[in-house]
Amino acid sequence: MRRLMWLLFAVFVSPEFLLSLILYGFYFFFPSTFDVLGRHLVSDKEVWKYLPTLPSALAAYAFSMSFKIRAPSKERLRKILYEWPLYNLLVDRVYVGILYAVLCFVLSLFLWILGEGLGSSISALLFLEATAVSGVSALTMHEAAQKLPEILIKYCDLK
């Protein structure tokens, strides 16, 4: 039960969720901006052809970074990480990042398939959500993959 609470906390207190709320807020307060962007997206057939490419590439990158986070390249770092008492929280946060990346990819596929039938402003919102949130997810995974070995080396006795 406690792990489920931490998992829900990681979902709702995350940069991806914050960015999603910010984009919905902009959509609510500035719908005309999203309408203009949506009309440009709908009118450009090249954009529609390659729409799911960026979120899928970012999701693939998030997957590759998740392996580096969960299994650092050095055996000693792996041993220290696996013995860390809060390792499950790290793994849960990695799963949350992957979840956001996959949801954004599915959202981009949904937009790609049904986008012209949706309104132009909602198409722009979904496009921005899928692209920006998956980008933030990939960026947080990248940053974690870079910082984790540094922290393990700096604060653990690796003699």
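For clarity, every value in this text was computed on a predicted model and none was experimentally measured. (Residues numbered from 1 in each chain as written. Predicted model: local features only at pLDDT ≥ 70, side-chain atom pairs only at ≥ 80, totals over all residues. Heavy atoms only, no water.)

With that settled, the discussion passes to the packing of helix α1 (residues 2-12) against helix α7 (residues 87-114). Running from amino to carboxyl end, α1 crosses α7 at an angle of 45°, the nearest separation of the two axes being 9 Å. It follows that α1 is oblique to α7 by the angle criterion. Regarding α1 and α7, the two cross each other, and that crossing is right-handed. Contacts between α1 and α7 involve Arg3, Trp6, Leu7, Ala10 and Val11 from the former and Asn88, Leu89, Asp92, Arg93, Val96 and Tyr100 from the latter. (Axes fitted to C-alpha atoms, helices over the stretch in contact; angles between N-to-C directions. Helix = DSSP H or I, 4+ residues; strand = E, 2+ residues; numbered from the N terminus. Parallel < 35°, antiparallel > 145°, perpendicular 65-115°, else oblique. Left-handed = near helix turned anticlockwise from the far one by under 90°. Contact = heavy atoms within 4.5 Å.)

Here we come to the nonpolar core. Side chains of nonpolar character tend, in soluble globular proteins, to be buried together. If you look at the biggest cluster of nonpolar residues, it comprises 16 residues, and the most contacted ones within it are Ile69, Leu81, Leu90, Met141 and Leu148. Elements represented by at least two residues in this core include exactly α5 (53-70), α6 (75-83), α7 and α8 (120-155). Top element by residues in this core is α7. It accounts for six residues. In contact with Ile69, not counting residues within four places along its chain, are Leu81, Leu90, Val94, Met141, Ala144, Ala145 and Leu148. One finds Val11, Val96, Tyr100 and Cys104 within the second-largest nonpolar core, a separate group that totals seven residues. (Core = buried A, V, L, I, M, F, W, Y, C linked by side-chain atoms within 4.5 Å. Buried < 20%, exposed > 50% of the residue type's maximum accessible area, 1.4 Å probe, protein only.)

A few words on the side chain of Ser66. Mapped onto the elements of the fold, Ser66 is located in helix α5. For Ser66, a relative accessible area of 4% translates into the label buried. Non-local contacts of Ser66, meaning those with residues more than four positions away in its chain, are made with Val94, Ile98 and Met141.

For the rest of this paragraph, the subject is the packing of aromatic side chains. Summed over the entire model, instances satisfying the criterion amount to six aromatic pairs. Seen from their ring centres, Phe26 and Phe30 are 5.9 Å apart, and the 35° between their planes marks the pair as tilted. Taking the relative accessible area as the measure of exposure, Phe26 reaches 41% and is therefore partly exposed. Taking the centre distance of 5.5 Å and the plane angle of 85° together, the rings of Tyr27 and Phe34 count as edge-to-face. Tyr27 sits in the partly exposed class, given a relative accessible area of 24%. (Phe/Tyr/Trp six-rings, centres within 6.5 Å; stacked < 30°, edge-to-face > 60°.)

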